Amino acid sequence: MTFILEFRERIRSFYGKYEAYLLPVIKFLLALTVFLLIDQKIGYMKRLNSVPLLLILSLACSILPVAVMLLTAGVLITLHCYALSLPVGVMMLVLFVIMYLLYFRFAPRCAYNALLSPAACMLGIPYVMPVAGGLLQQPLAVIPTICGIITYYFLKGVMANETSLGVMGEDEDFLSKLREIINQFAGNREMYLVIGIFAAVTLVVYVIRRLSVDHAWTFAIVTGMLIQYLGFFIGYTQIGMSSMAVQLTAGCSISALILLMIQFFFFDLDYTRTERVQFEDDEYYYYVKAVPKRYVSTGEKTVKKISGSRKRRENRSAVTREEIMEDMDLAVDDEEY
């Protein structure tokens, strides 16, 4: 256990020392991953399917605020949808405008949620997002997470029906095609299930982790994962998606491990050394519960190399100085005499 704690402190120290260099690298890798996923999944506009272009955009996003990365991803998705068909592009543009207004109004500092939630859905571990948001952020952080979920399910529907959406029949006009897209998107019951459970889990986890009880974060993680597992299991059964049970179990298990790692790095407390302090002033009594963080100092080893020849040279130099001083004393004595 001591080795693990020392390893964590070394990681923290390394990141704190080189944060100015590591943060742009992390943003570059995140932007490149998001842009490549967009190109791979919905690369309908061939002009944008260029790795050098995506590298340039990722490099620009690495030195700019995260909101710029989110905006760039939205523009790329809208252009790809427009290349498929005009109604799909218009629908995607309207959705992005609404989501951006909600994001900038309620949670302007949680752009990472909107970027990571679609990626987590693709990886099969979206269950991390609501619990992590409740642990590390405010309840309003669920808004950009939901925006990412909406984007994911809209694009999932587009990819599933790209053949019919990309071709407009002779008896169809723009409004009728747009109405068809809206009906397909609005009828996605799985999306509503995910949004409802994510919003509830974020609020519950946030309330539990703020309680003044021992192991509050652990209780919050366990409660959040249980609510998600039971909620999705029952919900999938009701909407006719019982085949998702295996994926749900695997995803929740992996998500729980990731959340425990997040707790280890951000909220690892030693409850065996809990202290309770009471004091007062002219108006109030104060009851304070102090729980120390689990911390192990990493000692730095200094290796000192002593060279024998250097030591002999230093000794010879010292002897020579002594001889010089003796000669000076003798010279002074002779002069006085």
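Below you will find a few notes about this structure. All values derive from a computational prediction rather than experimental measurement. (Residues numbered from 1 in each chain as written. Predicted model: local features only at pLDDT ≥ 70, side-chain atom pairs only at ≥ 80, totals over all residues. Heavy atoms only, no water.)

**Re the pattern of salt bridges**
This structure, assessed with the given rule, holds 4 salt bridges. Put simply, Glu180 and Lys177 hold a salt bridge, and the shortest N to O gap is 3.7 Å. Of the two residues, Glu180 and Lys177 both sit in helix H10 (residues 174–186), 3 residues apart, roughly one turn of that helix. Lys177 sits in the buried class, given a relative accessible area of 2%. In this structure, the salt-bridge partner of Asp214 is Lys289, at a minimum N-O distance of 2.8 Å. With Asp214 in the loop between helix H11 (189–209) and helix H12 (216–238) and Lys289 in strand E2 (residues 285–290), the pair connects residues that are 75 residues apart, well separated along the chain. (Salt bridge = Lys/Arg side-chain N within 4 Å of Asp/Glu carboxyl O. Helix = DSSP H or I, 4+ residues; strand = E, 2+ residues; numbered from the N terminus. Buried < 20%, exposed > 50% of the residue type's maximum accessible area, 1.4 Å probe, protein only.)

**A word on empty space enclosed by the protein**
Counted under the stated rule, the structure contains 2 cavities of 30 Å³ or more. Computed from the structure, the largest cavity encloses a volume of approximately 360 Å³. In this structure, the largest cavity is lined by 25 residues; those nearest its centre are Ala73, Ile77, Ala114, Pro118 and Thr151. Counting residues per element, the ones that place at least two in the lining of the largest cavity are helix H2 (19–42), helix H4 (66–84), helix H5 (86–106), helix H6 (111–123) and helix H8 (142–160). No other element matches H8, which puts 7 residues into the lining of the largest cavity. Approximately 30 Å³ is the volume attributed to the second largest cavity. Phe35, Ile38, Asp39, Leu48, Leu54, Leu76 and His80 are the residues that line the second largest cavity. Elements represented by at least two residues in the lining of the second largest cavity include exactly H2 and H4. (1 Å grid on protein atoms, 1.4 Å probe; cavity = no way out; pocket = protein on both sides within 12 Å on 5 of 7 lines; lining within 4 Å. Points joined across faces, edges and corners; volume = space filled by probe spheres on them.)

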